[in-house]
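Close look at the chain arrangement
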Amino acid sequence: ARAGLHKQLVDAGIRNALGNTATECRDPLLYRWHAYIDGIFGEYKLTLGPYKDEDLDFPGIELQEASVYASPKDENAIFGTVIDTSTKNTLFTHMDLGDVGFYGADINNVSISDRVRIMYKRLNHSPFVYRFKVKNSGPPAKALVRVFLADERGTPTTVEMDKFFWNFKSGTTEFERSSDESSSVPRKAQGLYEIQESSSYSGANNLVDTGIREYTGCGWAKHLLVPRGNPEGFKTNLLVVISPLLEDDAAGTTDWKTVSTLTHSLCGAPGAPFPDSRPMGYPFDRYRGWKD
């Protein structure tokens, strides 16, 4: 297999947008396919019923504060000790210009003379950070912190914004997390030049799949992490769930130094179990109404 390519499709001789972790989200067919599979799995989830309180409790852990800070102008203003409280719990979206370069429509032609660059309008958001304050009245505990945006207007919608491992010491812990660290967005998204070169069968461009490289471009586009706003703004809900690791949880043996550099929420980790033994989307995979 070549870098970034799904081995099953490569072995079948299929090379297209769906066959590459860095480009599959660009193909509308992906969403039809995902919706179909998700629908089948959703019907199965309905047969399980809602989680019980004991499935959700984390004795000794109390989330005392969770907030988000964004800066529509200065990226550095949201880091450090100086906080502009006027931006607390406010996210900003805007349109800007994206830039993309590629070798033209022929995937087998990767000559420099055929390079093309275009600019296009795209949705983006201002950088932001989450700030948390957690009290642990028990012994040190390993946990996964799960961050969601949720809304119940119309069709109930819950979007997982981030998920990460944290080792809570006894007492009170305050920490922050940047939007750039989200477990749903690529750490190093590949450009189309790189994708076409790694997909080519010719000469020096025939790259060996290193495992890690396959996952660097996988995930949701970083500039689309925040749902589009409007000039008037609208209210939504920031939900934070802290869950203990299960017995023999894969998250407990995960190499988080490596996995934290990957889009592990959506793509997992190469050569290792999915770094979370709870279902994807937990605890909203078995919907009981987030207000409960």
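A brief look at the structure comes next.

Rules used throughout
- Residues numbered from 1 in each chain as written.
- Predicted model: local features only at pLDDT ≥ 70, side-chain atom pairs only at ≥ 80, totals over all residues.
- Heavy atoms only, no water.
- Pairing = 2+ DSSP bridges.
- Helix = DSSP H or I, 4+ residues; strand = E, 2+ residues; numbered from the N terminus.
- Axes fitted to C-alpha atoms, helices over the stretch in contact; angles between N-to-C directions.
- Contact = heavy atoms within 4.5 Å.
- Core = buried A, V, L, I, M, F, W, Y, C linked by side-chain atoms within 4.5 Å.
- Buried < 20%, exposed > 50% of the residue type's maximum accessible area, 1.4 Å probe, protein only.
- Polar contact = N/O pair within 3.5 Å; in protein donor to acceptor, adjacent residues only side chain to side chain.
- Expected span 1.5 Å × (residues − 1).
- Patch = residues over 30% accessible without salt bridge, like charges linked within 9 Å, V, L, I, M, F, W, Y side chains within 5 Å.
- Areas by Shrake-Rupley, 256 points an atom, 1.4 Å probe, with all protein chains shown as cover.
- Salt bridge = Lys/Arg side-chain N within 4 Å of Asp/Glu carboxyl O.

In this section: the sheet that holds strand E7 (residues 171–178). Taken together, three strands build an open sheet; the order of strands is E1-E4-E7 and the sheet is antiparallel. Since the sheet does not close on itself, it has two edges, and those belong to strand E1 (61–70) and E7, each with one partner. Sheet twist, expressed as the mean angle between neighbouring strand axes with direction ignored, is 15°.

This part takes up the environment of Lys163. With respect to the helices, strands and loops of the structure, Lys163 is situated in strand E6 (residues 157–168). Residues Lys163 and Ser265, spaced 102 residues apart in sequence, show a C-alpha to C-alpha distance of 6.9 Å. The residues contacting Lys163, other than those within four sequence positions of it, are Val145, Arg146, Arg177, Ser183, His264, Ser265, Phe274 and Asp276.

The subject of this paragraph is the nonpolar core. If you look at the biggest cluster of nonpolar residues, it comprises 22 residues, and the most contacted ones within it are Phe128, Met161, Phe168 and Ile242. Elements with a minimum of two residues in this core: E1, strand E4 (128–136), strand E5 (141–151), E6 and strand E8 (237–244).

Here the focus is the environment of Glu176. Assignment of secondary structure puts Glu176 in strand E7. Since its relative accessible area comes to 32%, Glu176 is described here as partly exposed. Considered as a pair, Glu176 and Ala66 are 110 residues apart in the sequence and their alpha carbons are 9.5 Å apart. A polar side-chain atom of Glu176 sits 3.1 Å from a polar atom in the side chain of Arg131.

Ordered in space as E6-E5-E8, the three strands form an open sheet in which the pairing is antiparallel. Sheet topology places E6 and E8 at the edges, where each strand pairs with a single neighbour. When strand polarity is set aside, the average angle formed by the axes of neighbouring strands in this sheet is 20°. Alignment of E5 against E6, held across 11 bridges, turns out to be antiparallel. Of the residues in E6, the one forming a bridge with Phe148 is Glu160.

With that settled, the discussion passes to helix H2 (residues 28–46). Given a rise of 1.5 Å per residue, 19 residues ought to cover 27 Å, and the 27 Å separating the end C-alpha atoms of H2 matches this to within 8%. For H2, the N-terminal capping position is held by Asp27, with its side-chain oxygen 2.9 Å away from the main-chain nitrogen of Leu29.

The grouping of Tyr31, Trp220, Leu224, Leu266 and Met280 at the surface amounts to a nonpolar patch, some 460 Å² of accessible area in total. Considering the arrangement of structural elements, one finds Trp220 in the loop between helix H5 (212–216) and E8. Classification of Trp220 by relative accessible area gives partly exposed; the value is 33%.

Inspection of every chain in the model, using the stated rule, returns eight salt bridges. Asp96 is paired through a salt bridge with Arg122; the nearest N and O atoms lie 3.1 Å apart. With Asp96 in strand E2 (residues 93–102) and Arg122 in strand E3 (residues 116–125), the pair connects residues that are 26 residues apart, well separated along the chain. The partner of Asp180 in a salt bridge is Lys222, with the nearest N and O atoms 4.0 Å apart. With Asp180 in the loop between E7 and helix H4 (192–199) and Lys222 in the loop between H5 and E8, the pair connects residues that are 42 residues apart, well separated along the chain. What emerges from the salt-bridge pattern is a single network uniting Arg146, Lys163 and Asp276.

Right, let's talk about unusual backbone geometry for a bit. Cis geometry marks the peptide bond from Tyr282 to Pro283, where omega comes out at 5°. Take Pro283: it is sitting in the segment after helix H7 (264–267). In the Ramachandran plot, Asn89 falls in the positive-phi region, its phi being about 55° despite a non-glycine side chain. Note on Asn89: relative accessible area 46%, which makes it partly exposed.

This part takes up the environment of Val116. Residue position: Val116 is located in strand E3. Taking the C-alpha atoms as reference points, Val116 and Gly101, separated by 15 residues in sequence, lie 5.5 Å from one another.

Mapped onto the secondary structure, Ser183 falls in the loop between E7 and H4. At 2.9 Å, the side chain of Ser183 forms a polar contact with the backbone nitrogen of Lys163. Of note is the side chain of Ser183, whose polar atom sits 2.5 Å from the side chain of Ser265. Setting aside chain neighbours within four positions, we find Ser183 in contact with Asp162, Lys163, Arg177, Thr263, His264, Ser265 and Leu266.

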